[in-house]
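Observations on chain architecture
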Amino acid sequence: MPVLRYGLLWTLALVLSACQPNQDPETLNISGPFEFTSQDPSRTGYVYTRLQVAETLVEVAPDGHLLPGLAEYWSAEDGGLRWQFQLRSGVRFHDGQVLEAQTVVQALEIARTKPGILNTLPITQITAEEPLKLSIQLSRPHQPLPAVLAHFSAVILSPASYNAEGQVTWMQGTGPYRLIEFGPPHRLLVQRFEGYWGKVAQIPKVLYLTGHRAESRALQVMAGQTDIVYTLDPASLDLLKRRKDAQVHSELIPRTIQIKLNAGHPYLKDLKARQAISLALDRSGIATHVLRVPGTEANQLIPPMLKDWHLPALAPIAQDLKQAQALLQELGWQADEQGILHREGQRFQLKMITYADRPELLVIGTAIQAQLRALGIDMGLSVVNSSGIPSAHHDGSLELALIARNYGTVADPLSLLLLDFGAQGNGDWGGMNWNNTAFPQLLHELEAEQDATLYQRKAQQAAQMLVDELPAIPVLFYTQQTATAQRVKHFSFDPYERNYHLSDMRLATP
């Protein structure tokens with residue numbers, strides 16, 4: 001970071017610290033990067049599960065194991081074609097209605113009509129068998145079904161949450177906090193729900209505010225205006241680590257920073273071109289000097305936390321410009337006097353897009369831009385809304401996109417991989433024009449595989465295929481950087497980013 005910018009941030013931090021406001025002793029203030037425009041779980045359900053307003057049938061432990069949620073237990077029958085879920089008794093929604101199987105059926109059926117992972121499942125029927133028991137019938141086995149039901153889009157809401165068209169007008173969930181103020185796109189206020197079926201939260205209220213710039217969010221915690229700031233940028237990280245009134249938490253999570261690419265583009269359709277781009281990247285330099293988190297270099301798409309799908313013995317990808325240049329020369333590319341590659345009168349020029357929700361993506365993209373320039377590729381870089389990535393995918397204009405793909409939104413990434421690469425190598429956040437029929441077939445075999453040893457073996461084969469063919473190029477494994485104020489006690493971070501664990505925290509008295 002330039003010295004001037006660093007000094008300015010430091011000066012602002014000192015000024016703001018000198019005029020700290022008196023914070024409400026009963027309200028926890030949170031700042032994050034993500035805007036929200038609705039209460040629809042398929043669009044922004046991750047906000048409401050993190051704030052513990054809405055819950056799912058299945059929960060996920062920090063190590064990835066599935067845990068009981070609103071369902072106490074579940075089982076598969078009929079060779080995996082029929083699943084039964086036993087619900088908890090005594091659960092009430094925020095509007096007072098009791099949780100019953102028919103309520104769950106309605107919520108899941110509405111969720112299946114919305115875009116997302118649920119409507120891709122081979123579900124033929126969801127039935128309330130008893131007041132607290134439901135069954136899900138499948139047209140083909142889908143082994144990760146319980147993991148998918150832990151996804152934020154599968155939250156269970158009271159019937160009063162929906163209008164006649166199935167749209168959520170006011171979220172009535174079952175969590176330890178209930179929604180009391182909805183101010184899109186920047187403000188949410190939740191309040192402790194005294195009728196919660198589990199452990200009642202200690203903090204009475206939680207205010208969530210969206211902050212656009214990572215620097216401004218960091219300054220808020222330095223000034224005592226915010227208690228928890230999620231997703232810090234590298235520059236703010238340096239400042240916060242110097243302060244005694246804030247604590248920085250760094251957690252490796254199952255998210256991978258990667259280059260999504262159009263494998264059908266004339267310059268990218270040959271595997272050698274994708275290999276050359278991968279070899280041109282100085283992952284170690286980016287991790288150490290740009291993000292300041294050494295050791296997070298990614299040599300594959302699936303992070304280490306997802307052990308079935310990660311190749312532990314795979315060698316790191318070392319930067320090798322000479323080999324990268326040789327590969328492109330084999331494809332007919334030659335450098336001009338300025339060092340830019342040309343072939344048949346065409347300049348090797350590409351456009352990369354990224355988004356501002358993850359502040360480190362732009363600085364990483366700038367580093368990649370310089371590294372590809374050293375290879376002879378002229379790459380433009382621009383920032384769009386996160387919705388611009390799938391939009392460019394669908395209209396065919398996408399060439400390169402730098403994204404941070406979360407493979408942990410479902411504890412077993414199989415369903416996400418089916419979305420990303422299963423449909424003729426295409427997915428909004430995955431492959432684009434990657435022509436590989438063997439990979440989707442392998443994923444479908446995994447859907448029906450009940451033997452854990454065989455499942456892992458096939459998952460490893462799938463992971464190796466992604467390494468060999470590079471339908472997307474891995475860059476770094478993601479580290480979540482969070483800062484907390486001194487008054488926040490018992491903070492913990494969910495590596496699967498499903499839950500902020502607000503009900504476990506407390507605020508120290510002044």
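Position numbers for residues count from 1 along each chain, tracking the sequence in the order it is written. Per-residue local features of the predicted model are confined to residues with pLDDT of at least 70, and side-chain atom pairs are confined, for both listing and counting, to 80 or more; whole-chain, interface and lining totals are unaffected and use all residues. For side-chain calculations, the full set of non-hydrogen atoms in the structure is used, while hydrogens and water are omitted.

With respect to the sheet that holds strand E6 (residues 123-130)
For clarity, the cut-off: Strand pairing is assigned whenever DSSP detects at least two bridges linking the two strands. Starting at the N terminus, helices and strands are each numbered in turn, a helix being any DSSP run of H or I of at least four residues and a strand any DSSP run of E of at least two. Every axis in this analysis is a line fitted to C-alpha atoms, fitted for helices over the stretch in contact. Angles between the N-to-C directions lie between 0 and 180 degrees. We call two residues contacting when some pair of their heavy atoms lies within 4.5 Å.
Strand order in this open sheet of four strands is E4-E5-E7-E6, and the pairing throughout is antiparallel. Each edge of the open sheet is held by one strand with a lone partner, namely strand E4 (71-77) and E6. Within the sheet, the average angular offset between the axes of one strand and its neighbour, ignoring direction, is 20°. Pairing geometry for E6 and strand E7 (residues 133-138), over six bridges, is antiparallel. What sits directly across from Thr 127, in E7, is Ser 135. In the packing of helix H3 (residues 101-112) onto the sheet, the strands contacted are strand E5 (82-87), E6 and E7, and the crossing angle to E6 comes to about 165°.

Some remarks on the pairing of strand E8 (residues 177-183)
As judged from the six bridges shared by E8 and strand E9 (residues 187-192), these two strands associate in the antiparallel manner. The residue bridging Gly 183 from the neighbouring strand is Arg 187, located in E9. Hairpin connection between E8 and E9: a loop of three residues separates the two successive antiparallel strands.

Digging into the layout of surface pockets
Put simply, the test is: Buriedness for pockets is judged along seven lines, at least five of which must meet protein on both sides within 12 Å for an open set on the 1 Å grid over protein atoms alone, while cavities are sets there where a 1.4 Å probe fits but cannot get out, and lining residues have an atom within 4 Å of a point. Grid points are joined across faces, edges and corners, and a volume is the space filled by probe spheres set on the points. All residues other than Ala, Val, Leu, Ile, Met, Phe, Trp, Tyr, Cys, Pro, Asp, Glu, Lys and Arg, Gly among them, are scored as polar; the first ten of these are nonpolar and the last four charged.
Its volume calculated, the largest pocket comes out at about 1600 Å³. For the largest pocket, the lining is made up of 45 residues, of which Arg 43, Tyr 46, Phe 152, Ser 386 and Trp 429 are closest to its centre. Secondary-structure elements contributing two or more residues to the lining of the largest pocket are helix H2 (41-50), strand E17 (378-384), strand E18 (400-406) and helix H12 (414-421). Of the residues belonging to the lining of the largest pocket, the class tally is 18 nonpolar, 16 polar and 11 charged. In this structure, the second largest pocket encloses a volume near 620 Å³. In terms of lining residues, the second largest pocket is bounded by 24 residues, among which Gly 64, His 65, Asp 308, Ala 411 and Asp 412 are the most central. Of all the elements in the fold, those that place two or more residues in the lining of the second largest pocket are helix H4 (145-148) and helix H14 (452-469). Here the lining of the second largest pocket takes three residues from H14, the largest share from any one element. Here the residues of the lining of the second largest pocket sort into 13 nonpolar, five polar and six charged.

Remember that the coordinates give geometry; whether it matters functionally is a separate question.
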